[in-house]
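# Structure at a glance
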Amino acid sequence: VALVSSGEPRPIRVGLLGLGNVGAALVELIGAQREAIRDRTGLDLVVTRVAVRSAAKARAVEVDPALLTTDASEVVTDPDIDIVVELIGGIEPARELTLAALNAGKPVVTGNKELVANHAVELFTAAEANGVDLLFEAAVAGAIPIMRPLRESLIGEPIARVMGIVNGTTNYILSAMSEDGASYADALAEAQSRGFAERDPTADVEGFDAAAKAAIIATIAFGQSVVAGDVYREGISSITASDIAAAERFDMVVKLLAITESTPDDSGETRINARVHPAMVPSDHPLASVRGSFNAVFIEGEALDDLMLYGRGAGGTPTASAVLGDLIDAAGNASRNTAAVFGTMERARLSSIDDVRSAFYLTLDLIDQAGVLAAVAEIFGRHQVSIRSMEQAAPASPDGGAHVVFITHATAESGLTAVLDELGRSEVVASVGTVMRVIGVD
Ligand code: NAP
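Residues numbered from 1 in each chain as written. Predicted model: local features only at pLDDT ≥ 70, side-chain atom pairs only at ≥ 80, totals over all residues. Heavy atoms only, no water.

## Remarks on the side chain of asparagine 112
Relative to the assigned elements, asparagine 112 resides in the loop between strand E5 (108–110) and helix H4 (113–130). For asparagine 112, the side chain forms a polar contact with the main-chain nitrogen of leucine 115, separated by 2.9 Å. Sequence-distant contacts of asparagine 112, defined by excluding residues within four places in its chain, comprise Glu86, Gly89, Gly90, Ala94 and Ala139. (Helix = DSSP H or I, 4+ residues; strand = E, 2+ residues; numbered from the N terminus. Polar contact = N/O pair within 3.5 Å; in protein donor to acceptor, adjacent residues only side chain to side chain. Contact = heavy atoms within 4.5 Å.)

What follows is the structure, given as structure tokens:
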């Protein structure tokens with residue numbers, strides 16, 4: 001069905017599921033931009049139905065009560081709705097509603113990272129079978145256009161690696177620790193009081209949110225299905241002020257990174273790895289300059305070299321901006337009877353975290369005895385892990401032993417694990433402290 005004919009465009013009727021932070025901002029943005037969008041694209045967007053959980057709730061935006069319903073399933077099958085926007089969040093009922101809309105021949109725009117990170121193939125298959133769009137720019141890094149660049153501009157690019165700061169809460173906390181010398185607990189409390197962290201911060205600080213985004217980035221960057229459960233994950237809750245200070249002495253900053261890369265295995269077959277963990281980033285790396293709640297995605301391609309996209313990763317209005325871009329794209333495609341194509345997507349051939357090569361930062365408390373450093377160096381050497389730099393940092397541990405900080409050269413994780421096992425059992429090591437990967441070091 002052509003949505004745009006010659007003369008006045010027929011309004012494109014949008015069914016919105018969810019009127020929370022993003023949904024309300026989207027209604028506002030469409031209201032403000034309607035004429036400009038019509039002038040520039042010939043598409044006249046109008047929100048004609050809105051599903052919510054509670055009809056009585058006060059709203060951040062004025063909506064005609066006649067448009068509201070508490071039955072979202074009615075909206076997705078309504079023949080008078082042309083496009084569905086899902087901004088409810090979570091897996092169910094969002095998954096069922098999205099599938100029902102696609103199966104009713106309606107394009108769907110969603111900002112739901114959980115849904116896409118766990119059910120992409122099922123959703124892509126339904127979209128393809130029905131010849132309609134399923135777009136989810138807002139699901140990764142909020143306002144930053146990253147899905148469309150990966151899917152369109154960079155579709156011919158041999159991408160080697162994507163590294164993202166895709167969680168604003170953790171970046172805010174780590175920035176506060178680094179700039180104010182705050183402890184993790186104080187930085188978290190400040191983030192909570194300023195609305196940058198939830199009361200239960202687990203999903204952010206333990207890396208679950210970033211892992212969902214890493215899975216989506218990997219899926220789109222490499223065209224193979226990677227789900228949230230495939231992503232290796234470590235959070236930031238054990239990072240200490242002294243780790244941050246040590247990073248500074250090595251001219252680095254600590255960031256929570258979502259990394260996905262494609263590397264050949266021993267037989268030359270390509271493997272995908274996706275992981276989320278804190279990492280030390282050299283201060284001259286573009287990602288080191290991403291402060292506060294901002295996000296950025298850094299792409300390394302064989303032909304394009306390095307590319308970084310930077311912006312607001314969350315917030316109602318910035319996220320609504322990404323949703324609106326998708327909505328205009330989907331409406332334009334529907335008017336031309338076409339849709340974005342993801343192609344057949346197979347399960348990714350994954351590599352294990354054990355095979356990933358990284359340089360490492362690690363701290364040790366050693367007992368107070370002659371020859372302890374030589375004993376430690378011998379353990380590293382036995383597992384072919386070479387030490388790049390070492391410092392004996394103040395303060396000395398309470399029992400009078402030495403607190404020592406190492407940065408290794410790049411090594412397979414399995415080599416480092418063997419070193420840590422042996423250090424843990426060694427008589428000269430009082431305790432093993434923080435272990436953190438370091439990027440940009442060979
Ligand atoms: P939110 O503020 O919690 O809003 C959710 C909305 O969904 C509410 O209006 C709620 O209705 C409605 N809802 C819940 N269950 C429903 C049901 N069964 N049927 C109909 N409506 C239902 O969430 P949000 O922050 O706007 O986020 C929406 C989506 O965008 C999520 O997938 C989120 O991950 C994603 N996203 C958000 C951000 C951000 O910064 N907020 C950034 C990127 C992506 P009531 O209002 O009546 O309770």
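After that view of the structure, there is still more to cover.
## Let's talk about helix H9 (residues 208–222)
Here H9 is 15 residues long and its end C-alpha atoms lie 21 Å apart, about the 21 Å a rise of 1.5 Å per residue gives. Among the 15 residues that make up H9, 14 are buried, leaving the element largely enclosed by the rest of the structure. Phi turns positive one or two residues past the end of H9, at glycine 223, with a value near 65°. (Expected span 1.5 Å × (residues − 1). Buried < 20%, exposed > 50% of the residue type's maximum accessible area, 1.4 Å probe, protein only.)

## Describing the packing of helix H6 (residues 168–180) against helix H10 (residues 241–249)
Closest axis-to-axis distance for the H6/H10 pair is 9 Å, and the angle between their directions is 70°. Taken together, the axes of H6 and H10 lie roughly perpendicular to each other. Here H6 and H10 pass one another in a crossing that is right-handed. Residue-level contacts link Leu174, Met177 and Ser178 of H6 to Ala241, Ile244 and Glu248 of H10. Each residue belonging to the contact of H6 with H10 can be placed in one class, and the counts come to 4 nonpolar, 1 polar and 1 charged. (Axes fitted to C-alpha atoms, helices over the stretch in contact; angles between N-to-C directions. Parallel < 35°, antiparallel > 145°, perpendicular 65-115°, else oblique. Left-handed = near helix turned anticlockwise from the far one by under 90°. Nonpolar A, V, L, I, M, F, W, Y, C, P; charged D, E, K, R; others polar.)

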